[in-house]
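Summary of structural features
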Amino acid sequence: MLTFTEAQVLAWVSPILWPFLRVLALFGAMPVLGQRSVPMRLRVALAFLIALCAQASLPAMPVVALDSALALLLLIQQLLIGLTLAFAARIVFAAIEFAGEVIGLQMGMNFAGFFDPLTGGQSTSVSKFFGVSISWMFIVMNGHLLLISAVVQSFHAFPVGPEPFAFLRAVQPQVWGAEVFRLGLWIALPLMAMLLFVNLVLGIIARVAQQMNIFAIGFPITLSVGLVGMLITLPMMQVPFTMALERLLSNFQ
């Protein structure tokens, strides 16, 4: 009869358990794959597949009894690293959507707000358009593969250990919020300058030709210039998006 001990079972389970938990935490919160429309069973299956395929490149995992306090600390560490990695990607997405908010405010399009079922809050048309566009770009430029590569390499930078909060002290994700405003204003600045120039011209026209109803013609002109500017600058969004994503992911490599 085939028999095995508890130590043997732990030695078989430990090499795949901790990578599986870290990758599953990433898939549960990352952009695109972390949406509610993606079934949970698919995320679990993908996390297990990646953890299994990455065994050859991973360092040795500690063998810990699953009913011990150390196992709880290791579980917290894997969840923190996976969620922080997903948070880094979501910071970049939030910056792009913030740029859409600013551009929509300058265009006068922020009145077209609607309920976003994915976030549970209000979203404007320009911000939603930027969010959908960057989601497609994220898949086309293999952003999901960059995240998977980062989570695999994170086992070398932050190996499985009994100190779950040492990772947070090293990475300091609380300072990443400034990236939202830095990247968002960087993307929105060309359109903001263009629309500011249009508003200055409209102000001069209103001052010179006072009989002209500037409120009747101002909104169509501002909207048209904003849409043309979005059409011109949208292909250039890949450069700041890629730079910001790689800069944040470099903390895990």
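As a reminder, the structure under discussion sits directly above these lines.
Since the model is a prediction, treat every value here as computed from it, not as a measurement.

Conventions and cut-offs
Residues numbered from 1 in each chain as written. Predicted model: local features only at pLDDT ≥ 70, side-chain atom pairs only at ≥ 80, totals over all residues. Heavy atoms only, no water. Phe/Tyr/Trp six-rings, centres within 6.5 Å; stacked < 30°, edge-to-face > 60°. Buried < 20%, exposed > 50% of the residue type's maximum accessible area, 1.4 Å probe, protein only. Lys NZ or Arg CZ within 6 Å of the ring centre and 35° of its normal. 1 Å grid on protein atoms, 1.4 Å probe; cavity = no way out; pocket = protein on both sides within 12 Å on 5 of 7 lines; lining within 4 Å. Points joined across faces, edges and corners; volume = space filled by probe spheres on them. Helix = DSSP H or I, 4+ residues; strand = E, 2+ residues; numbered from the N terminus. Nonpolar A, V, L, I, M, F, W, Y, C, P; charged D, E, K, R; others polar. Salt bridge = Lys/Arg side-chain N within 4 Å of Asp/Glu carboxyl O. Core = buried A, V, L, I, M, F, W, Y, C linked by side-chain atoms within 4.5 Å. Contact = heavy atoms within 4.5 Å.

Side note on the packing of aromatic side chains
All told, the structure shown has nine aromatic pairs when counted by the stated rule. With 6.2 Å between their ring centres and 55 degrees between their planes, Phe 129 and Phe 130 make a pair best called tilted. Residue classification places Phe 129 among the partly exposed positions, given a relative accessible area of 39%. A network of ring pairs unites the aromatic residues Phe 87, Phe 158, Phe 167, Trp 176 and Phe 252 as a single cluster. A cation sits over an aromatic face here: Arg 22 above Phe 155, 3.8 Å from the ring centre.

Description of the layout of surface pockets
Put simply, the second largest pocket is a space of about 190 Å³. By residue number, the principal contributor to the lining of the second largest pocket is helix 7 (residues 177–208), which donates three residues. Per-class residue counts for the lining of the second largest pocket are eight nonpolar, one polar and no charged.

Re the pattern of salt bridges
This model, assessed by the stated rule, comprises two salt bridges. Across the pair Arg 182 and Glu 179 runs a salt bridge, and its minimum N-O distance is 2.6 Å. Taken together, the residues Arg 182 and Glu 179, both in helix 7 and three residues apart, mark about one turn of the helix. A salt bridge links Arg 247 to Glu 179; its shortest N-O distance comes to 2.2 Å. With Arg 247 in helix 9 (residues 238–249) and Glu 179 in helix 7, this residue pair connects regions lying 68 residues apart in the sequence.

Remarks on the nonpolar core
Formed by 65 residues in total, the largest nonpolar core has its most connected members in Leu 26, Leu 85, Ile 103, Phe 138, Leu 147 and Phe 241. A total of 16 residues in this core trace back to one element, the largest contributor, which is helix 3 (residues 69–107). Residues in contact with Leu 85, not counting those within four places in the same chain, are Leu 26, Leu 147, Ala 150, Val 151, Leu 249 and Phe 252.

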